[in-house]
Amino acid sequence: MTIDKKVDCLKLAKAVVRQTRNDVLTSKTQMTDIAKRCDRNRTTVSRALDAEDMTLSMWFAAVSESRMDPMQLITEKIQEQNQALADGRKD
């Protein structure tokens, strides 16, 4: 899987984090569990998820604790961005 050079990487990262946040909330994963895994505090994790920006270590902790498939999530978001480009949308 490659990322089209026209893909906005900031939008892609925000889409991945937004979906991670939704999955964390849906799975009822505890912010304290994520925080322990990445050596942060619960408030920092919560704020990062809400801000749609987080460190890679925090993101790995979030997907791991909520039992998401990180590769599937990234692949889906890349495909969505590539499709939007192909359709001429500015999603």
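In this text the structure is predicted, and so the values were computed from the model without any measurement. Within any chain, residue numbers begin from 1 and follow the written order of that chain's sequence. In view of the model being predicted, local features appear only for residues whose pLDDT reaches at least 70, and side-chain atom pairs are presented and counted only at 80 or more, with totals across whole chains, interfaces and linings using the full set of residues. In computing side-chain values, all of the structure's heavy atoms are included and hydrogens and water are not.

### Details of the overall build of the protein
- Going along the chain from the N terminus, every DSSP run of H or I of four or more residues is numbered as a helix, and every run of E of two or more is numbered as a strand. Scanning the protein from terminus to terminus reveals 5 helices and 0 strands.
- Of the regular secondary structure in the protein, the N- to C-terminal order runs α-α-α-α-α.
- Residue burial is assigned from relative accessible area. The probe radius is 1.4 Å, only protein chains are included, and a residue is buried under 20% of its type maximum, exposed over 50%, and partly exposed in between. Buried positions account for 31% of the 91 residues belonging to the protein.
- Restricting to contacts in the protein with at least 6 residues of sequence separation, those with at least 24 account for 63%. Any two residues whose heavy atoms approach within 4.5 Å at even a single point are treated as in contact.

### Remarks on helix H5 (residues 70-87)
- Residue count minus one, scaled by 1.5 Å, sets the expected span of a helix. Taking 1.5 Å of rise per residue, the 18 residues of H5 would be expected to cover 26 Å, and the 26 Å separating its terminal C-alpha atoms lies within 8% of that figure.
- Within the sequence span of H5, burial applies to Leu73, Lys77, Ile78, Gln81 and Ala84. The arc that holds the buried residues of H5, viewed along the axis, is 125°, so those residues lie on one side. In H5, the exposed residues that point more than 90 degrees away from the buried face are Met71 and Ala86.
- Elements in contact with the buried residues of H5: helix H1 (9-26) and helix H4 (56-65). Taking the helix axis as origin, the arc is that swept by the directions to the C-beta atoms.

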